[in-house]
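Inside the fold
Spelled out, the chains give:
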Amino acid sequence: MPDLFTHLVAARAPGIFVRDKRIQALLVIGTFMPDIAYKGLFWVMQTREPFGASTHSFVGALLISYLCCLFVEEAIRKPGFIALAAGGWIHILVDFIKFNLGAGSCRPLLPFSPAGVELGWIDPENVVLLIPIDAAILAVALLLERRFARVQQ
Amino acid sequence: MGCKRIPEGSDPECQSDRGGLSGMFSDRLWILKAAAALGLLALLCTTSHRKISERFPQFELVALSPDSFRGHVFHLSGQRVVAADARSFQIGTSVGPMRLLTPTPPPVDSYVTFNARAVGIRTLEVVELFVHSGYGWKRPLNYGISIVTVIGYLWLVRRRFRWRPEDGVIRGRY
């Protein structure tokens, strides 16, 4: 799995276009949720890989996001759900880059199809080596965000 | 500030005051909505488990009923090599060691991902093999960075929400 810092950057970079800081935070939290749900099932519930695989599917991300958005105040619950779901889908798209010998890095079409999908660009263990690049992207995104904020003021 | 379901709501942002799909996002019957979402998630996980297990049988079945799975190709990721010789290597499983035949066996204690065809009792022939370099330190580093990232980010954004567990559930409120 790519580390969650890489996932954070993948969600935080487009997040500069989200004006509401709470929704922006939910977009990033949404990108953490598939791994938190999967590891929770795996470590706490002691389930096997096939049981938790749907946490990394588009339908699974929607259900997890809906469950999470119920814990957000009612006034921002609907946009919060959209942000959480967008974060979850970004997580799945980032996971596609992993190389897994053609077996698929995740199964995004569950429960309709158990087929795995991957782009196979990088050994999943080597994603952690991208952290300096992630940090540079994050720095540029935060600078752009600050500049946009000044222009708006 | 609670959000009551009233026809002419004073709070223009209150989801309860709108029709359509907004009902899904209102406070009304909150616990039932949460239970329904959790139930659907459990159903999704169970259905997915069944479909994946049908299409991709568990690797351990090679040891339990070798004849049924002869010729079937299995995939396993991130497995530690526990023994190796000139023509094969072994990995540990919940049903004991499995032998994988390959002309280029990886060294003991390395981590491998492979596709392999079942050819006999506890024996498979490697079709494709990938050896992960530095798995032993990259994986813990990955988990460490992930844990620090989640805790650090939640700490940074904590002031964007106001947590009210005394209301019965933990919710962000202004």
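Definitions and limits used
- Residues numbered from 1 in each chain as written.
- Chains lettered and ligands numbered in written order.
- Predicted model: local features only at pLDDT ≥ 70, side-chain atom pairs only at ≥ 80, totals over all residues.
- Helix = DSSP H or I, 4+ residues; strand = E, 2+ residues; numbered from the N terminus.
- Rg over C-alpha atoms; globule rule 2.2 N^0.38 Å.
- Buried ≥ 20, exposed ≤ 12 C-beta atoms within 10 Å, placed from the backbone.
- Pairing = 2+ DSSP bridges.
- Contact = placed C-beta atoms within 7 Å.
- Nonpolar A, V, L, I, M, F, W, Y, C, P; charged D, E, K, R; others polar.
- Axes fitted to C-alpha atoms, helices over the stretch in contact; angles between N-to-C directions.
- Parallel < 35°, antiparallel > 145°, perpendicular 65-115°, else oblique.
- Left-handed = near helix turned anticlockwise from the far one by under 90°.
- Domains from an automatic or database assignment.

Looking only at helices and strands, chain A features 6 helices and 0 strands. Going from N to C terminus, chain A has its helices and strands arranged as α-α-α-α-α-α. Computed over the C-alpha atoms, the radius of gyration of chain A is 16 Å, within 12% of the 15 Å expected from 2.2 N^0.38 for a compact globule of 153 residues. Expressed as a percentage of the 153 residues in chain A, the buried residues total 52%.

All names here are of chain B. Bridge count between strand β1 (residues 73–84) and strand β4 (residues 111–120): 6 bridges; the pairing is antiparallel. The partner of His75 across the bridge, within β4, is Asn115. Inspection of the sheet shows β1 paired to strand β2 (residues 88–93) by 3 bridges, in the antiparallel sense. Within the sheet, the bridge partner assigned to Ala83 lies in β2 and is Gln90. The antiparallel hairpin formed by β1 and β2 contains 3 residues in its connecting segment.

Moving on, we get to the interface of chain B and chain A. Chain B puts 52 residues into the contact, and the matching count from chain A is 39 residues. Where the side of chain B that touches chain A is concerned, the elements lending two or more residues are α1 (30–55), β1, β4, β5 (123–132) and α3 (135–156) of chain B. In terms of residue count, α1(B) provides more of the side of chain B that touches chain A than any other element does, 16 residues in total. Of the residues belonging to the side of chain B that touches chain A, the class tally is 23 nonpolar, 18 polar and 11 charged.

All right, on to the environment of Phe148(A) then. All names here are of chain A. Position of Phe148 among the secondary structure elements: in helix α6 (residues 131–152). Note on Phe148: 13 C-beta atoms within 10 Å, which makes it partly exposed. Separated by 131 residues in the primary sequence, Phe148 and Phe17 place their C-alpha atoms 9.0 Å from one another.

Residue and element names in this part refer to chain A. Where helix α2 (residues 21–44) contacts helix α5 (residues 77–95), the two axes come as close as 6 Å, and the packing angle between them is 45°. Relative to α5, α2 is oriented oblique. Of the two possible hands of crossing, α2 and α5 adopt the one that is right-handed. Between α2, through Ile23, Leu26, Leu27, Val28, Ile29, Gly30, Thr31, Met33 and Pro34, and α5, the contact on the second element is made entirely by Pro79, Gly80, Ala83, Leu84, Ala85, Ala86, Gly87, Gly88, Ile90, His91 and Ile92. For the contact of α2 with α5, the class distribution of residues is 14 nonpolar, 6 polar and no charged.

On to the sheet that holds β5(B), then. Adjacent strands of a sheet form backbone hydrogen bonds with each other and so pair up, either parallel or antiparallel. Within the closed barrel, the 5 strands sit side by side as β1-β2-β3-β5-β4 (chain B). Their pairing is mixed. Across the sheet, the mean angle from the axis of one strand to that of its neighbour is 55°, orientation sign disregarded.

With that settled, consider the domain arrangement of chain B. You can read the domains of chain B as domain 1 (15–54), domain 2 (61–132) and domain 3 (135–166). A separation of 40 Å is found between the C-alpha centroids of domain 1 of chain B and domain 2 of chain B.

Here we take up the pairing of strand β3 (residues 96–101) of chain B. For a regular strand, side chains alternate in direction, first toward one face of the sheet and then toward the other. Residue and element names in this part refer to chain B. Bridge count between β2 and β3: 6 bridges; the pairing is antiparallel. If you follow Ile91 over to β3, its bridge partner there is Met98. From the end of β2 to the start of β3, which pair antiparallel, there are 2 residues. Bridge analysis of β3 against β5 gives 3 bridges, and the strand direction is parallel. The residue bridging Arg99 from the neighbouring strand is Thr123, located in β5.

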